[in-house]
Amino acid sequence: MKHEYSAEILYHFNCGVCKNWWSYATTPVPHFIKDLELPKGIDYYCPHCGADEVTEIKKNLMIDEV
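Just so you know, these numbers come straight off a predicted model, no measurement behind them.

### Focus on the packing of aromatic side chains
In this description, an aromatic ring pair is defined by two values, namely the gap between the centres and the angle between the planes.
Argument step 1. This model, assessed by the stated rule, comprises four aromatic pairs.
Argument step 2. Relative to Tyr 44, the ring of Tyr 24 lies with its centre 6.0 Å away and its plane at 85°, an arrangement referred to as edge-to-face. Note that Tyr 24 is positioned in strand S2 (residues 21–26) and Tyr 44 in the segment after helix H1 (30–35), a separation of 20 residues in sequence.
Argument step 3. Take Tyr 24: its relative accessible area is 23%, and that puts it in the partly exposed class.
Argument step 4. Classification of Tyr 44 by relative accessible area gives buried; the value is 13%.
Argument step 5. The structure contains a cluster of three or more aromatic residues connected by ring pairs, namely Tyr 11, Phe 13, Trp 22, Tyr 24 and Tyr 44.

Basis of the calculations
- Residues numbered from 1 in each chain as written.
- Predicted model: local features only at pLDDT ≥ 70, side-chain atom pairs only at ≥ 80, totals over all residues.
- Heavy atoms only, no water.
- Phe/Tyr/Trp six-rings, centres within 6.5 Å; stacked < 30°, edge-to-face > 60°.
- Helix = DSSP H or I, 4+ residues; strand = E, 2+ residues; numbered from the N terminus.
- Buried < 20%, exposed > 50% of the residue type's maximum accessible area, 1.4 Å probe, protein only.

None of the figures reported here should be taken as evidence of function without further support.
See the structure below:
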């Protein structure tokens, strides 16, 4: 019997309105692993205050390609 595993991408958000934070986990698909962009077609609401804001990656957090 073999050990099986899976992978997940974990995104951390900081609300631009209430400043609280939360996380969103998803299982990657092959084209997703390269650029790590958030999945399209999902509304991202703050679970604390309900704010529906545009998302952007935090500055200076992008890792250069190896």
